[in-house]
Structure formats: structure tokens, C-alpha cells
Amino acid sequence: MSDLYRIMKGKAYRLAETIIAPKHQGEDLLQTIMSDSDHSRHPLFLSMLPQVIPAEAHRQILLDGLAREYAGVDGWMAYVERETSE
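Colleague: Explain the nonpolar core residue by residue, including any values.
Modeller: Membership of the largest hydrophobic core comes to 23 residues, with the highest contact counts inside it found for L30, F45, L49, L62, L66 and Y79. Of all the elements in the fold, those that place two or more residues in this core are α1 (3-19), α2 (29-35), α3 (41-52), α4 (56-71) and α5 (76-85).

Structure follows, in C-alpha cells:
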């Protein structure tokens, strides 16, 4: 896991804390977001992400890393493909 991914993940985690209801506090909030792409928090997280991580290349590092870590796929596009084909 690269240092840049860890930094971007920390920023994303703080964003997730603002989106997810208190009943989920104590869980891995990024796992909660990634586990249900049909829930409204998923598109909200993605739409707010550029405000927290403005550089597109850094967002791509984050999204690819999240897909690998939480969904067990090679990258973000593989995650999107899997989620939209089910």
C-alpha cells in the first residue's frame, strides 16, 4: 500500500464521517460505503470526493485502492463493471 494511497484514504475517511449516520460510527466507514453501491451514500461520497481530493490523479489512486482493498478487484473500473452488471 503506497503512502499516497494512505494519505488519500485518510482524507476520504474524514469525508465518509460527514456522510454516514452516527449508527455506523465504529465501523470501517469506507467499507460501509463500498459494500453497497445502491445506497444513496455511495453516489454522495463520489460526488463530494473532488472537493476533498481535487487532483484527479489522486482520486484515481484512492478509488483504485478502495476497489482492491474492499472489493477484491483490480481497480475502480473493475469494481464499477461488477456493480453495474449485477
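Resuming the write-up.
Colleague: Lay out the packing of aromatic side chains with the relevant residues and their values.
Modeller: Considering all chains together, one arrives at one aromatic pair under this definition. Plain terms: the ring middles of W76 and Y79 are 5.0 Å apart, the flat faces sit at 35° to each other, and that makes the pair tilted. Taken together, the positions of W76 and Y79, both in helix α5 and three residues apart, correspond to about one turn of that helix. For the pair formed by W76 and Y79, the shared burial category is buried.

Colleague: I'd like a description of α4, backed by residues and values.
Modeller: The end-to-end C-alpha separation of α4 is 21 Å, in line with the 22 Å expected for 16 residues at 1.5 Å each. Taken as a whole, α4 has its buried residues at R59, L62, L63, D64, G65, L66, A67, Y70 and A71. Downstream of α4 by a residue or two, G72 has a phi angle that is positive, lying close to 65°.

Colleague: Requested: an account of the pattern of salt bridges, with residues and values cited.
Modeller: Any two side chains of opposite charge can pair, so long as their charged atoms come close to each other. In the structure shown here, the tally under the stated rule is three salt bridges. For D3, the salt bridge is made with R6, and the minimal N-O distance between the two is 3.1 Å. Highlighted residues: D3 and R6, both in helix α1, separated by three residues, approximately one helical turn. With a relative accessible area of 55%, D3 lands in the exposed category. By relative accessible area, which is 45% here, R6 ends up partly exposed. A salt bridge links E69 to K9, with the shortest nitrogen-to-oxygen separation between them at 2.7 Å. In this pair, E69 is assigned in helix α4 and K9 in helix α1, connecting sequence segments 60 residues apart.

Cut-offs and rules
Residues numbered from 1 in each chain as written. Predicted model: local features only at pLDDT ≥ 70, side-chain atom pairs only at ≥ 80, totals over all residues. Heavy atoms only, no water. Core = buried A, V, L, I, M, F, W, Y, C linked by side-chain atoms within 4.5 Å. Buried < 20%, exposed > 50% of the residue type's maximum accessible area, 1.4 Å probe, protein only. Helix = DSSP H or I, 4+ residues; strand = E, 2+ residues; numbered from the N terminus. Phe/Tyr/Trp six-rings, centres within 6.5 Å; stacked < 30°, edge-to-face > 60°. Expected span 1.5 Å × (residues − 1). Salt bridge = Lys/Arg side-chain N within 4 Å of Asp/Glu carboxyl O.

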